[in-house]
Amino acid sequence: MDKKATVLDDAAIRRALTRISHEIIEKNKGIEDLVLVGIKTRGVPIADRLKEKIESIEGQPIAGGDLDITLYRDDLEDKSYQVDPDVKEANISVDITHKKVILVDDVLYTGRTVRAAMDALMDHGRPSQIQLAVLVDRGHRELPITADYVGKNIPTSQNEVVTVGLSETDQADQVVIYEK
């Protein structure tokens, strides 16, 4: 793959997450009954960063956690991990029943990951509301799913790949578009 463009650097990612944090607080009129849940892998550090920013703004803790959607995917038979997937337990610090849960992921593409995450979330309780925060929305939805909070909309072609790099997993914060 050939690198086409770096669309977000570390400063742009930081600004986007700060904006999303303020939007979450504003839309929900504070943080009461909010739970941030990151979708593994890169949704988790993004959720952690949002959690830190929201806590610093509001001056109080917010519940959080992470979710592994491996067994909820609708493409398990197409993946190399179909025989023995590496499944990790969900780690959610509170009962999500009657809470507003904000799912957090790095890139929104077809919507299938979010659908799987909602299925997995329902196995842990019945939230009063589910909202979605993503760093990048690249379009090309296959399911009727829309993010409530978006760091950056990046129109792409099917021949492009959007990769999110985070210091926690990839040693650098950046969003890059590659041409297949």
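Reading guide: rules and limits
Residues numbered from 1 in each chain as written. Predicted model: local features only at pLDDT ≥ 70, side-chain atom pairs only at ≥ 80, totals over all residues. Heavy atoms only, no water. UniProt positions renumbered as here; feature names shortened; annotations may be inferred. Pairing = 2+ DSSP bridges. Helix = DSSP H or I, 4+ residues; strand = E, 2+ residues; numbered from the N terminus. Contact = heavy atoms within 4.5 Å. Axes fitted to C-alpha atoms, helices over the stretch in contact; angles between N-to-C directions. 1 Å grid on protein atoms, 1.4 Å probe; cavity = no way out; pocket = protein on both sides within 12 Å on 5 of 7 lines; lining within 4 Å. Points joined across faces, edges and corners; volume = space filled by probe spheres on them. Nonpolar A, V, L, I, M, F, W, Y, C, P; charged D, E, K, R; others polar. Phe/Tyr/Trp six-rings, centres within 6.5 Å; stacked < 30°, edge-to-face > 60°. Lys NZ or Arg CZ within 6 Å of the ring centre and 35° of its normal.

For the protein chain, the name recorded in an unreviewed UniProt entry is Bifunctional protein PyrR, with Halobacillus seohaensis as its organism. Turning to the protein chain, the UniProt annotation filed under Subunit (unreviewed entry) states: "Homodimer and homohexamer; in equilibrium."

Novice: Go over the sheet that holds strand E4 (residues 91–92), please, and point to the residues and values.
Specialist: Spatially, six strands are ordered E4-E3-E2-E5-E6-E7 in an open sheet, and the strand pairing comes out mixed. The sheet is open, and its two edges are formed by E4 and strand E7 (149–153), each paired on a single side. Pairing of strand E6 (residues 129–137) with E7 involves four bridges; the strand directions are parallel. Counterpart to Ala-133 in the pairing with E7 is Tyr-149. Here helix H2 (residues 43–58) sits on the sheet and contacts strand E2 (34–39), strand E3 (63–67), strand E5 (100–108) and E6; the angle it forms with E2, its principal contact strand, is near 150 degrees. Against the sheet, helix H3 (residues 112–122) touches E2, E3, E4, E5 and E6, its axis set at about 150 degrees to E5.

Novice: Just give me the short version of the layout of surface pockets, but keep the residues and values in it.
Specialist: Vacant regions in the atomic arrangement are exposed by a probe of water-molecule size rolled over the atoms. The calculated volume of the second largest pocket comes to roughly 210 Å³. Tallying contributions element by element places E5 first for the lining of the second largest pocket, with three residues. Considered class by class, the residues forming the lining of the second largest pocket number three nonpolar, two polar and four charged.

Novice: Report on the packing of aromatic side chains, specifying residues and quantitative values.
Specialist: Counted under the stated rule, the structure contains zero aromatic pairs. Against the face of Tyr-109 rests Arg-138, its NZ or CZ located 4.0 Å from the ring centre.

Novice: So what's going on with the sheet that holds strand E9 (residues 174–179)? Which residues, and what values?
Specialist: Taken in spatial order, the three strands make up an open sheet running E1-E9-E8, and their pairing is antiparallel. The sheet is open, and its two borders are formed by strand E1 (2–8) and strand E8 (160–165), each paired with just one other strand. When strand polarity is set aside, the average angle formed by the axes of neighbouring strands in this sheet is 25 degrees.

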